Amino acid sequence: MRTSLKIATAVAIALLAQAPIAQAKGKRQQQPAASTEDAAKQKALEADYKRALQSVPDAPKNEDPWKTMR
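Here we summarise the structure given alongside this text. What you are looking at is a predicted structure, and each value in this text was computed from that prediction instead of being measured. (Residues numbered from 1 in each chain as written. Predicted model: local features only at pLDDT ≥ 70, side-chain atom pairs only at ≥ 80, totals over all residues. Heavy atoms only, no water.)

1. Some points on the overall build of the protein chain
Check the secondary structure of the protein chain and you find two helices and zero strands. Scored against the burial criterion, the 70 residues of the protein chain give a buried share of 0%. (Helix = DSSP H or I, 4+ residues; strand = E, 2+ residues; numbered from the N terminus. Buried < 20%, exposed > 50% of the residue type's maximum accessible area, 1.4 Å probe, protein only.)

2. A look at the pattern of salt bridges
When charged atoms on two side chains of opposite charge get close, those side chains can pair. Throughout the structure, instances matching the rule amount to one salt bridge. Across the pair Asp48 and Arg51 runs a salt bridge, and its minimum N-O distance is 2.8 Å. Of the two residues, Asp48 and Arg51 both sit in helix H2 (residues 36–55), three residues apart, roughly one turn of that helix. What makes Asp48 partly exposed here is its relative accessible area of 40%. (Salt bridge = Lys/Arg side-chain N within 4 Å of Asp/Glu carboxyl O.)

3. Re H2
Over its 20 residues, H2 runs 29 Å from end to end, which matches the ideal 28 Å to within 8%, given 1.5 Å per residue. H2 sits mainly on the outside: zero of its 20 residues count as buried. (Expected span 1.5 Å × (residues − 1).)

4. A short note on a nonpolar patch on the surface
The grouping of Ile7, Val11 and Leu15 at the surface amounts to a nonpolar patch, some 300 Å² of accessible area in total. By the element assignment, Leu15 lies in helix H1 (residues 2–27). Leu15 gets classed as exposed once you look at its relative accessible area, which sits at 60%. (Patch = residues over 30% accessible without salt bridge, like charges linked within 9 Å, V, L, I, M, F, W, Y side chains within 5 Å. Areas by Shrake-Rupley, 256 points an atom, 1.4 Å probe, with all protein chains shown as cover.)

Treat this as a map of the structure, not an account of what it does.
Right, dumping it as structure tokens:
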């Protein structure tokens, strides 16, 4: 009786574990290699992003309005 219960439990656990394993296999597919055109576009986008970040001024330093009250 006990051994059949252990076997049934082991089978149930094995069957329940199959769904996550099957879903994980689909996510492991390799992405296609980037072409030279895609790499050039990505490099241009990165350069534009860095240039845009340099044009944004730094935030002004906020003065403490309560500094004379303390």
